[in-house]
Amino acid sequence: PDTIKIIVYEKALAGYIEFMDNYLYFDRDGYVVENSDVMTEGIPLVTGFDFEYVVMGEKLPVKNEIIFTNVMDITNLLSKYKLTADKIYFASESEITVFFGDVKVVLGNTKKLEEKIMNLPQFLSNLSGMKGTLNLENYSEDSEMAIFTQD
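Model, not experiment: these values are computed from the prediction.

1. A closer look at the overall build of the protein
Piece 1. A count of helices and strands for the protein gives two helices and nine strands.
Piece 2. The secondary structure elements of the protein, listed N-terminal to C-terminal, are β-β-β-β-α-β-β-β-α-β-β.
Piece 3. Expressed as a percentage of the 151 residues in the protein, the buried residues total 38%.
Piece 4. A separation of at least 24 residues holds for 41% of the contacts in the protein among residues at least 6 apart in sequence.
Piece 5. A total of about 9,200 Å² of accessible surface is found on the protein, and carbon and sulfur atoms cover 48% of it.
Piece 6. Across the protein, the 13 positively charged side chains and the 25 negatively charged ones have centroids separated by 4 Å.

Below, the structure is given as structure tokens:
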């Protein structure tokens, strides 16, 4: 009766956005958990979705919830397959491009997203030291169509 046990879990950062010359980091649930003027290595910049304001401790107020769901899906999958992206760009609610150093990976729409990301470590290891675009828009294990265009 005279003891309290406290367990603290640190929220893992899923990505960050640039807003008013600061880096705003959000967790896997989309809540803004940190505001900093220093960029943290290993956390991807996420671009391509619109918002007008941000409140610390609250969910990012995106206009299109589909894009936000896709942001969370991609960051969770990257974490699951131990991939560290530099940048994630959403051209629309379902057109996704991920940057790994000098390699730009065009994932396209969200169809078979996990299948595409699951195979990314193998593709990226084969492209080590190269610069260019890896197109996985039409990739599936059936077709295995992945096209790399070197810059």
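Following the structure, the description resumes.
2. Quick word on the packing of aromatic side chains
Piece 1. Throughout the structure, instances matching the rule amount to three aromatic pairs.
Piece 2. An angle of 45 degrees between the planes, with centres 5.4 Å apart, marks the rings of Y16 and Y25 as tilted.
Piece 3. An angle of 90 degrees between the planes, with centres 5.5 Å apart, marks the rings of F123 and Y139 as edge-to-face. Of this pair, F123 sits in helix α2 (residues 113-126) while Y139 sits in the loop between β8 (132-135) and β9 (147-150), and the two are 16 residues apart along the sequence.
Piece 4. Counting every residue linked through ring pairs, the aromatic cluster contains Y16, Y23 and Y25.

Rules used in this analysis
Residues numbered from 1 in each chain as written. Predicted model: local features only at pLDDT ≥ 70, side-chain atom pairs only at ≥ 80, totals over all residues. Heavy atoms only, no water. Helix = DSSP H or I, 4+ residues; strand = E, 2+ residues; numbered from the N terminus. Buried < 20%, exposed > 50% of the residue type's maximum accessible area, 1.4 Å probe, protein only. Contact = heavy atoms within 4.5 Å. Areas by Shrake-Rupley, 256 points an atom, 1.4 Å probe, with all protein chains shown as cover. Lys, Arg positive; Asp, Glu negative; His and termini not counted. Charge placed at Lys NZ, Arg CZ, Asp CG, Glu CD. Phe/Tyr/Trp six-rings, centres within 6.5 Å; stacked < 30°, edge-to-face > 60°.

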